[in-house]
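Observations on the three-dimensional arrangement
So you can see what is in the structure, the chains are spelled out below.
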Amino acid sequence: MTYSGEVRVGGPADVHELKDLMITKIAVGPMDNNAYLLRCRATDEQLLIDAANDAATLLGTIGDDGIASVVTTHRHGDHWQALAEVVAATGARTHAGRYDAEGIPVPTDVLVEDGDVIRVGRVELTARHLTGHTPGSIVLVYDDPHGHPHVFTGDCLFPGGVGNTFKEPKAFASLIHDVETKIFDALPDETWVYPGHGNDTSLGAERPHLPEWRARGW
């Protein structure tokens, strides 16, 4: 079945099958958050991006193989409501951006810096630190050696714009700068974007709109 990236709370997960990595996307409530379960096809090791909510749903998706790691993209509460329960059930190591970890009420085992590599089995994900939505938001880039890159953007980039900067001009200026220089300038149009809420997109679909985002200030 073709992956669409369209999921809804209470509905089934959608699975994107790559040669070295399986990406399972599932939506959880009450704020329609996306969680992503990554599985290395060579080793079967798993990593979860954002234990947002509905621990039972997430643990059911994870299954009996468990997870080695959980990465929290940023400190906002809708992205870590199930973190404590998932960690307690799986013993997973926790990762979060260095400048957001203090706002996450579950201890962070690995403080992530810009450019750090996080591994799931033999697959490598590169973390990029983007400031603006929160001080320490991170996105994860998988540069698929067999195809185009894939980027998990948390709440920093969505179809139609960057994340909410709460009408703070300095925060918006910082986020749009980081998104342009660390994501759009570094990755090709074919890059698949997996956001923290809603449907997926690509950098090619969003790139033409960067000037209008800058002009409108959000």
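Look above for the structure.
Residues numbered from 1 in each chain as written. Predicted model: local features only at pLDDT ≥ 70, side-chain atom pairs only at ≥ 80, totals over all residues. Heavy atoms only, no water.

**Concerning the sheet that holds strand β7 (residues 110–112)**
Spatial ordering of the open sheet is given by β1-β2-β3-β4-β5-β6-β7, a layout of seven strands whose pairing is mixed. The sheet is open, and its two borders are formed by β1 (14–17) and β7, each paired with just one other strand. Taken over all neighbouring pairs, the strand axes of this sheet differ in orientation by 20° on average, direction set aside. Where strand β3 (residues 33–40) lies against strand β4 (residues 46–49), four bridges are found, and the strand directions are antiparallel. Each residue of the ladder has a partner; that of Arg-39, found in β4, is Gln-46. Packed on one face of the sheet, helix α1 (residues 55–62) meets β2 (21–28), β3 and β4 and runs near 160° to β2. Here helix α2 (residues 83–90) sits on the sheet in contact with β4, β5 (69–72) and β6 (93–97), set at roughly 165° to β5. (Pairing = 2+ DSSP bridges. Helix = DSSP H or I, 4+ residues; strand = E, 2+ residues; numbered from the N terminus. Axes fitted to C-alpha atoms, helices over the stretch in contact; angles between N-to-C directions. Contact = heavy atoms within 4.5 Å.)

**What about the environment of Val-7?**
Its place among the elements puts Val-7 in the segment before β1. Residues Val-7 and Asp-32, spaced 25 residues apart in sequence, show a C-alpha to C-alpha distance of 9.3 Å. Not counting the four nearest positions on each side in its chain, Val-7 is found in contact with Pro-12, Ala-13, Asp-14, Lys-25, Ile-26, Ala-27 and Asn-34.

**Some details on the packing of aromatic side chains**
Counted according to the given criterion, the structure contains seven aromatic pairs. Relative to Trp-192, the ring of Tyr-3 lies with its centre 5.7 Å away and its plane at 50°, an arrangement referred to as tilted. Highlighted residues: Tyr-3 in the segment before β1 and Trp-192 in strand β14 (residues 192–195), separated in sequence by 189 residues. Tyr-3 gets classed as buried once you look at its relative accessible area, which sits at 9%. An aromatic cluster of at least three residues, connected via ring pairs, comprises Tyr-3, Tyr-36, Phe-152, Trp-192 and Tyr-194. Seen from the ring of Trp-218, Arg-216 lies directly overhead, with NZ or CZ sitting 3.7 Å from the centre. (Phe/Tyr/Trp six-rings, centres within 6.5 Å; stacked < 30°, edge-to-face > 60°. Buried < 20%, exposed > 50% of the residue type's maximum accessible area, 1.4 Å probe, protein only. Lys NZ or Arg CZ within 6 Å of the ring centre and 35° of its normal.)

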